[in-house]
Amino acid sequence: MSKLSVLSELWEFLKVRKKWWLMPIVIFLALLGGLIILTQGSALAPFIYAIF
């Protein structure tokens, strides 16, 4: 199962079920996950992990 199929399935779910309020949550989680991945090897990592 590719990443693209997961995204298209999520998009179809949001479109059919009219769950547009989920989109900001999904975007926020994706940005937060990207931030954690990008700063994993940097000096900022201890400060980001302290948030949680």
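Structural data are supplied above this passage.
Residues numbered from 1 in each chain as written. Predicted model: local features only at pLDDT ≥ 70, side-chain atom pairs only at ≥ 80, totals over all residues. Heavy atoms only, no water.

## A word on a nonpolar patch on the surface
Part 1: On the surface, W21, I25, F28 and L29 cluster together into a nonpolar patch covering about 470 Å² of accessible area.
Part 2: Along the chain, the position of I25 falls in helix α2 (residues 23-38).
Part 3: Note on I25: relative accessible area 43%, which makes it partly exposed. (Patch = residues over 30% accessible without salt bridge, like charges linked within 9 Å, V, L, I, M, F, W, Y side chains within 5 Å. Areas by Shrake-Rupley, 256 points an atom, 1.4 Å probe, with all protein chains shown as cover. Salt bridge = Lys/Arg side-chain N within 4 Å of Asp/Glu carboxyl O. Helix = DSSP H or I, 4+ residues; strand = E, 2+ residues; numbered from the N terminus. Buried < 20%, exposed > 50% of the residue type's maximum accessible area, 1.4 Å probe, protein only.)

## Structural notes on the environment of L14
Part 1: Position of L14 among the secondary structure elements: in helix α1 (residues 3-17).
Part 2: By relative accessible area, which is 0% here, L14 ends up buried.
Part 3: When sequence neighbours within four positions are dropped, the list of residues in contact with L14 reads K19, W20, L22 and M23. (Contact = heavy atoms within 4.5 Å.)

## Brief notes about unusual backbone geometry
Part 1: Positioned with a positive phi, K18 is a non-glycine residue whose angle comes to about 60 degrees.
Part 2: Of note, K18 is situated in the loop between α1 and α2.
Part 3: Under the relative-accessibility criterion, K18 is labelled exposed at 58%.

## Side note on the pattern of salt bridges
Part 1: By the definition in use, this model includes 1 salt bridge.
Part 2: Here K15 ties to E12 by a salt bridge, and the two come within 3.4 Å at their closest N and O atoms. Here K15 and its partner E12 are both found in helix α1, 3 residues apart, which amounts to about one turn of the helix.

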